[in-house]
Amino acid sequence: MDPSPHKLLFTAVDYAIFAGLLGASLAIGVYYALSGGRQRTTQEFLLADRSMGCLPVSLSLIASFQSAVAIIGVPAEIYTHGTQYWFIGCAYILGLLVPAHVFIPVLYRLKLSSAYQYLELRFSKAVRICGTLTFIFQTVVYMGLCIYAPAFALNAVTGIKLWGTVLATGLVCTLYTTLGGLKAVIWTDVFQTVVMFSGQVAVIVVGVYQTGGPSEVWKKVWEGGRISGLNLNPDPTERHTFWTLALGGVFLMWALYGVNQSQVQRYLSSRSEREAVRSCYMVFPSLQLALALSCVMGLIMFARYCGEDHSHQLQSTKADAMVIYFVMDMLQGFPGLPGLFVACLFSAALSTISSAFNSLATVTMEDLIKPQFPAMSERRATLLSKALAMFYGLLCLAMAYVTHLMGDSVLLVALKIFGMVGGPILGLFCLGMFFPWANPIGALAGLAGGLSLSFWVGIGSILNQTPGPRTLVPDCRSGLVSNSSSSSAVITVTLRPSGLQRFYSLSYMWYSGFTCVSVIFIGLIISFLTGPIREEDVTPGTVFPLLGKLLFFLPENVKQKLCCVTPLPQMVREKHMCV
Ligand SMILES: O=C(O)CCCC[C@@H]1SC[C@@H]2NC(=O)N[C@@H]21
Ligand code: NA
């Protein structure tokens, strides 16, 4: 039975569950607006009084960068291209170890309230402002995408009014973020992450059952060639290989979990450095679980639909919309489950958007406004932070439309944004932390160079992309993807691009690494040309003794002579245990 889209409607139970999610999130926001210090100081509103334990912080860290984009985009990726993307899980090891043992110690011991304060301590106010503006640009675009993704997908399948859901999501989120500050954002993240995981598990259980059981699913997926082997092709222009995902992904993880304000703010809101490091460790299993759930969902979707063409039932030709169609098709007849999955989708979106709002308000206050108006009263500053949360909320609704124009699958757009903008910011922090000689001019030149390179390659790739097959109806047998407009399987032979074409076809998984290294390279050259800083003149605690740590086997005196960089100030012995 092929339910046509307008039949994929919700029962009253579904609407009740979805409304319940929005209501619960609002309730948590109101609770934190009326409890504790009642959000009267920026320390509480923006940093939760630095009182958080590692469990809520770790779940909130996941929630920040696991939105509807991943819930929809990863299954679509697996359905279309197989499980190669799953290798990004290998990047989570180094991707979280370095933030836990390098970025957190440096940033936590400096007692910052915004990640970009580090840039002023290490370089200059100008570098801090440029870093902050770059982060604001990245986050506003990313937020637009996160609001747009679930609304677009739902509209494509159920015909629910696009802007209705966008407005509902945006307003509820702006409300509880403005009312309850970081405490509300973290505790709603905890609640929403639980809803997100349970929604995905429900779809997987019902999906396997509806497709004839695990062995049937495995047989279809194996025959369909969807289980990708280890693709060790070193070619950096190949979209997804072990290297682009496991190595390129490490830089992406450092950009997100090491120096991104949303995550740094959570580390700083922890009650001790040990708690922050532990919360970073606790991210690893949950991130692997999130990745596994979305990949398995894509495999089940392939097993269920391979060879069948459902594109005529969607108002969109993107594999992203296929995911929602698959979910609604599987969950029809189980009253409440479609509502649970929609709640899962919007939980993923809300938890990311609220983190983004709150971090935008924080950096705007701490990095742009307070330094200009140091005499501002605490009350006025907190009121302004709330006004900012509202302003950014409305701004990202506008951005939702812009991301609609970026084409591609929502997952690719997100990965490109993080690569193009997150990479240069990562480079700026690495330049500061690992190269004592880098000076403010070098830092600014490095950031400008890195951003120019990433926009050159990013926009070049969008303008030069060869139009992919219109809709993909994967063939059950040999794993070929055939274009449904032509009955025969279209085997696209990619001619080897040369010169600039090759540069434009660099895999977006390498954007973070490529731009990060470029910023460091340019930054060092300009620093040496304009007079490098002597180690002893660097603000203490802003340089990580990378050489000292790497040469740990050398005796102390040799290390001092070699690295001559003062070690990090010792961590104050913390007594608290994890929650
Ligand atoms: O889901 C999103 O909003 C962003 C897409 C995934 C972003 C990266 S991919 C590696 C890391 N793992 C996650 O779950 N999110 C980040
Ligand atoms: Na999220």
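Nothing here was measured: the structure is a model prediction, and the numbers come from that model.

Conventions used here
Residues numbered from 1 in each chain as written. Chains lettered and ligands numbered in written order. Predicted model: local features only at pLDDT ≥ 70, side-chain atom pairs only at ≥ 80, totals over all residues. Heavy atoms only, no water. Helix = DSSP H or I, 4+ residues; strand = E, 2+ residues; numbered from the N terminus. Buried < 20%, exposed > 50% of the residue type's maximum accessible area, 1.4 Å probe, protein only. Contact = heavy atoms within 4.5 Å. Donors = N, O, S within 2.8 Å, 3.2 Å for Na, K, Ca; no water. Near = heavy atom within 4 Å. Polar contact = N/O pair within 3.5 Å; in protein donor to acceptor, adjacent residues only side chain to side chain. Nonpolar A, V, L, I, M, F, W, Y, C, P; charged D, E, K, R; others polar. Axes fitted to C-alpha atoms, helices over the stretch in contact; angles between N-to-C directions. Parallel < 35°, antiparallel > 145°, perpendicular 65-115°, else oblique. Patch = residues over 30% accessible without salt bridge, like charges linked within 9 Å, V, L, I, M, F, W, Y side chains within 5 Å. Areas by Shrake-Rupley, 256 points an atom, 1.4 Å probe, with all protein chains shown as cover. Salt bridge = Lys/Arg side-chain N within 4 Å of Asp/Glu carboxyl O. Phe/Tyr/Trp six-rings, centres within 6.5 Å; stacked < 30°, edge-to-face > 60°. Core = buried A, V, L, I, M, F, W, Y, C linked by side-chain atoms within 4.5 Å. Disulfide = S-S within 2.5 Å. Expected span 1.5 Å × (residues − 1). Bend = angle between axes of the 7 residues up to and from the residue. pLDDT = per-residue confidence, 0-100.

Brief notes about the overall build of the protein
Here is step 1: In terms of regular secondary structure, the protein is built from 22 helices and two strands.
Here is step 2: Looking at the 579 residues of the protein, the share that counts as buried comes to 59%.
Here is step 3: In the protein, the proportion of contacts linking residues at least 24 apart, taken out of those at least 6 apart, comes to 86%.

What about the coordination of the sodium ion (ligand 2)?
Here is step 1: Every protein donor of the sodium ion (ligand 2) is accounted for by Ala63 (O), Gln66 (O), Ala348 (O), Ser351 (OG) and Thr352 (OG1), and the metal-donor separations fall at 2.3 to 2.5 Å.
Here is step 2: Along the chain, the residues donating to the sodium ion (ligand 2) are arranged with the sequence spacing A-x2-Q-x281-A-x2-S-T. Separated by three residues within a single helix, alanine 348 and serine 351 lie in helix H15 (residues 337-369), roughly one turn from each other.
Here is step 3: Owing to a relative accessible area of 0%, alanine 348 belongs among the buried residues under this scheme.

Re the environment of leucine 21
Here is step 1: Tracing the sequence through the fold places leucine 21 in helix H1 (residues 12-34).
Here is step 2: Along the backbone, leucine 21 and asparagine 231 are 210 residues apart, and their C-alpha atoms lie at a distance of 41 Å.
Here is step 3: Once residues within four sequence positions are removed from consideration, leucine 21 is found in contact with Phe191, Gln192, Val195, Ala343, Phe346, Ser347 and Leu350.

Structural notes on the side chain of lysine 183
Here is step 1: Positionally, lysine 183 belongs in helix H8 (residues 162-210).
Here is step 2: By relative accessible area, which is 12% here, lysine 183 ends up buried.
Here is step 3: Apart from the residues lying within four places of it in its own chain, the contact partners of lysine 183 are Tyr32, Gln39, Glu44, Ala48, Asp49 and Ser51.

As for the site of ligand 1
Here is step 1: Residues in contact with ligand 1 amount to 13 residues; listed here are only the nearest, Phe65, Gln66, Ser67, Tyr92 and Tyr142.
Here is step 2: Within the side chain of tyrosine 92, an N or O atom sits 3.1 Å from a nitrogen atom of ligand 1.
Here is step 3: Put simply, the parts of the chain that give the shell around ligand 1 at least two residues each are helix H4 (68-81), helix H11 (248-257) and helix H17 (410-434).
Here is step 4: Here the shell around ligand 1 is built from residues that sort into 11 nonpolar, two polar and no charged.

Description of the environment of threonine 42
Here is step 1: The topology assignment puts threonine 42 in helix H2 (residues 42-47).
Here is step 2: Note: C-alpha distance between threonine 42 and serine 228 (186 residues apart in sequence) is 49 Å.

Structural notes on the packing of helix H5 (residues 91-109) against H17
In helix packing, the relevant descriptors are the interaxial angle and the interaxial distance, both defined with respect to the helix axes.
Here is step 1: The N-to-C vectors of H5 and H17 enclose an angle of 75°; their axes lie 12 Å apart at closest approach. One element, H5, and the other, H17, form an angle in the roughly perpendicular class. Contacts from Val102, Phe103, Val106 and Leu107 in H5 reach Leu426, Phe429, Cys430, Met433 and Phe434 in H17.

Considerations on the side chain of threonine 188
Here is step 1: Mapped onto the elements of the fold, threonine 188 is located in helix H8.
Here is step 2: Judged by its relative accessible area of 0%, threonine 188 falls in the buried class.
Here is step 3: Of the polar contacts made by the side chain of threonine 188, one reaches the backbone oxygen of valine 185; its length is 2.9 Å.
Here is step 4: Discounting residues that sit within four places of it in the chain, threonine 188 has contacts with Ser25, Ile28 and Tyr176.

Comments concerning a nonpolar patch on the surface
Here is step 1: On the surface, Val30, Leu34, Leu175 and Leu179 cluster together into a nonpolar patch covering about 310 Å² of accessible area.
Here is step 2: Mapped by element, the contributors of at least two residues to the nonpolar patch are H1 and H8.
Here is step 3: Counting through the fold element by element, leucine 34 comes out in helix H1.
Here is step 4: Judged by relative accessible area, which is 53%, leucine 34 ranks as exposed.

Notes on the packing of aromatic side chains
Here is step 1: Enumeration over the complete set of coordinates arrives at 25 aromatic pairs.
Here is step 2: Relative to phenylalanine 429, the ring of tyrosine 118 has its centre 5.5 Å away and its plane inclined at 20°; by these criteria the two rings are stacked. Of this pair, tyrosine 118 sits in helix H6 (residues 117-122) while phenylalanine 429 sits in helix H17, and the two are 311 residues apart along the sequence. Considered together, tyrosine 118 and phenylalanine 429 belong to a single accessibility category, that of buried residues.
Here is step 3: Chaining the aromatic ring pairs together yields one cluster made of Phe65, Tyr142, Tyr257 and Phe418.

Description of the nonpolar core
Here is step 1: With 174 residues, the main nonpolar core has Phe341 and Phe429 as its most contacted residues.
Here is step 2: In this structure, phenylalanine 429 is in contact with Leu107, Ala115, Tyr116, Tyr118, Leu119 and Val259, ignoring residues within four places of it in sequence.

Quick look at the pattern of salt bridges
Here is step 1: What the rule picks out here adds up to 17 salt bridges.
Here is step 2: The shortest N-O distance in the salt bridge between glutamate 44 and lysine 183 comes to 3.1 Å. You can see glutamate 44 sitting in helix H2 and its partner lysine 183 sitting in helix H8, a full 139 residues away along the chain.
Here is step 3: Residue classification places glutamate 44 among the buried residues on the basis of a relative accessible area of 2%.
Here is step 4: Notably, a salt bridge pairs arginine 304 with aspartate 329, separated by 3.8 Å at the nearest N-O pair.

Here's the deal with the state of the cysteines
The term disulfide refers to a covalent linkage connecting the sulfur atoms of a pair of cysteines.
Here is step 1: Counting across every chain of the model gives zero disulfides.
Here is step 2: No disulfide involves cysteine 430; its sulfur sits 4.3 Å from that of cysteine 516, the nearest cysteine.

Overview of helix H18 (residues 440-463)
Here is step 1: Taking 1.5 Å as the rise per residue, H18 with 24 residues should run 34 Å; its terminal C-alpha atoms sit 34 Å apart, in good agreement.
Here is step 2: For H18, the complete set of buried residues consists of Gly442, Ala443, Gly446, Leu447, Gly449, Gly450, Leu451, Ser454, Val457, Gly458, Gly460 and Ser461.
Here is step 3: Between the side-chain oxygen of the N-cap and the backbone nitrogen of isoleucine 441 there are 3.1 Å, and the N-cap of H18 in question is asparagine 439.

With respect to unusual backbone geometry
It is generally the case that most residues other than glycine have a negative phi and that most peptide bonds are trans.
Here is step 1: In this structure, aspartate 49 takes a positive phi of about 60° despite not being glycine.
Here is step 2: Residue classification places aspartate 49 among the partly exposed positions, given a relative accessible area of 36%.
Here is step 3: We note that arginine 50 has phi near 45°; this positive angle belongs to a residue other than glycine.
Here is step 4: Mapped onto the secondary structure, arginine 50 falls in the loop between H2 and helix H3 (54-64).

Observations concerning H5
Here is step 1: A rise of 1.5 Å per residue sets the reference length of H5, with its 19 residues, at 27 Å; its end C-alpha atoms lie 26 Å apart and thus fit the reference within 8%.
Here is step 2: At phenylalanine 103, H5 shows its maximal kink, close to 40°; a proline, proline 105, follows between one and four residues later.

A few points about the confidence of the model for the protein
Here is step 1: Mean pLDDT over the protein: 84, with 87% of residues reaching 70 or higher.
Here is step 2: In this model residues 479-492 is a low-confidence stretch, pLDDT under 50, and it forms 26 contacts with partners more than four residues away in sequence or in other chains.
Here is step 3: Taken as a whole, residues 574-579 scores under 50 in pLDDT and shows 16 contacts with residues more than four places along the chain or in a different chain.
Here is step 4: Across the predicted assembly, pTM comes out at 0.88 and ipTM at 0.96.

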